[in-house]
Every structure is written in C-alpha cells, then in structure tokens.
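# What the coordinates show
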Amino acid sequence: MKRYFKNANLASFFRQLKIYGFERTSDGRKFRGSGRNAFCQFQHPHFKLGGFNELIHVRRQPTKSKSVAILTPQDKYQQFLEKLILDMTIQEPVFQPPQSVEFEPLFILDQSPSWY
C-alpha cells in the first residue's frame, strides 16, 4: 500500500474512502484468519470501469463542523424566548387562585342616597 499511497495505515485509508463517498459493501476484517476471503470491498456510484467522465463527481464531502455556531442577536433572542416558554410550562405557578370565590358586600344601603 505504501507503494501507491502516502500512508500505509489501512484504517486511515478506509476513512479517506468514506470521506470521498465510498461505501463498504463487504468487510473482510470479520473473516481474518478463518481461511475465507479476507478483503474489504468499497463502491461509489460514479467510480466505474471505463467511466472516466464520471470521476469528476467523486469529490470530498464537506465535513460536519464541530465548532460552535456564531449566533446572531435574533437567534439569541429566539433561544431566550424558547427557554422562557419552556421554563414557564415546566414550573407550577406560585399563586393559584381559589376554585370558587364568594364575595361579601362591603356595605349595604338601607335607603337611597340623598343625591339620587
């Protein structure tokens, strides 16, 4: 392998194949030492015998960034509102009004007022 590629590490080579979109169709690592075919086979829809025009479609796939995304003020505000709403739905209200309320009159007029 070192004759054709810079790295002789097989795991690193498999990782590079995966980055370029190749999928493993058979895994010979399972049969190592059992006398069966111990080879790994990969395929790519655009990597075919005699398909030189298709090779332009074999490209490195974009990596998924593990870095923290930079949030705009609108995004931060949206996250704040979502957290606030979530907190309000989870917490029980501090004050709960009674189920039935009976009011007593503050005063009773025995006679109609003089200005009436």
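The protein chain appears in an unreviewed UniProt entry as Heat shock factor protein 3 from Entomophthora muscae.

### Some thoughts on the overall build of the protein chain
Regarding its fold elements, the protein chain presents two helices and two strands. Starting at the N terminus and ending at the C terminus, the protein chain contains elements arranged as α-β-β-α. For the protein chain, contacts bridging at least 24 residues in sequence account for 27% of all contacts bridging at least 6. A total of about 12000 Å² of accessible surface is found on the protein chain, and carbon and sulfur atoms cover 57% of it.

### Observations regarding the packing of aromatic side chains
Applying the stated criterion across every chain, the model contains three aromatic pairs. For the pair F13 and F14, a centre-to-centre distance of 6.5 Å together with 50° between the ring planes defines the contact as tilted. Relative accessible area serves as the criterion here: at 13%, F14 is assigned to the buried category. Note on F14 and F42: the rings are 5.0 Å apart at their centroids and 50° apart in plane angle, and the pair reads as tilted.

### Concerning helix α1 (residues 10–19)
Buried residues of α1: S12, F14 and L17, and no others. Measuring from the side-chain oxygen of the N-cap residue of α1 to the backbone nitrogen of A11 gives 3.2 Å; that N-cap residue is N9. G21 sits one or two positions beyond α1 and adopts a positive phi of about 95°.

### Observations concerning the confidence of the model for the protein chain
Residues with a pLDDT of 70 or more make up 65% of the protein chain, whose mean pLDDT is 76. Mean pLDDT across the elements of the protein chain ranges from a minimum in helix α2 (residues 73–90), with 80, to a maximum in strand β2 (residues 41–43), with 89.

### Digging into a nonpolar patch on the surface
Taken together, the side chains of F47, F52 and L55 make up a nonpolar region of the molecular surface, amounting to roughly 360 Å² of accessible area. Checked against the element boundaries, L55 lands in the loop between β2 and α2. Taking the relative accessible area as the measure of exposure, L55 reaches 36% and is therefore partly exposed.

### Some thoughts on the environment of R24
Position of R24 among the secondary structure elements: in strand β1 (residues 23–26). Counting along the chain gives 16 residues from R24 to C40, while the straight-line C-alpha distance between them is 7.1 Å.

### Considerations on the side chain of H44
Within the secondary structure layout, H44 lies in the loop between β2 and α2. A polar atom in the side chain of H44 sits 3.0 Å from the backbone nitrogen of H46. When residues no more than four places from it in sequence are discounted, the contact partners of H44 are Y20, G21, F22, H57 and V58.

Criteria and thresholds
Residues numbered from 1 in each chain as written. Predicted model: local features only at pLDDT ≥ 70, side-chain atom pairs only at ≥ 80, totals over all residues. Heavy atoms only, no water. Helix = DSSP H or I, 4+ residues; strand = E, 2+ residues; numbered from the N terminus. Contact = heavy atoms within 4.5 Å. Areas by Shrake-Rupley, 256 points an atom, 1.4 Å probe, with all protein chains shown as cover. Phe/Tyr/Trp six-rings, centres within 6.5 Å; stacked < 30°, edge-to-face > 60°. Buried < 20%, exposed > 50% of the residue type's maximum accessible area, 1.4 Å probe, protein only. Polar contact = N/O pair within 3.5 Å; in protein donor to acceptor, adjacent residues only side chain to side chain. pLDDT = per-residue confidence, 0-100. Patch = residues over 30% accessible without salt bridge, like charges linked within 9 Å, V, L, I, M, F, W, Y side chains within 5 Å. Salt bridge = Lys/Arg side-chain N within 4 Å of Asp/Glu carboxyl O.

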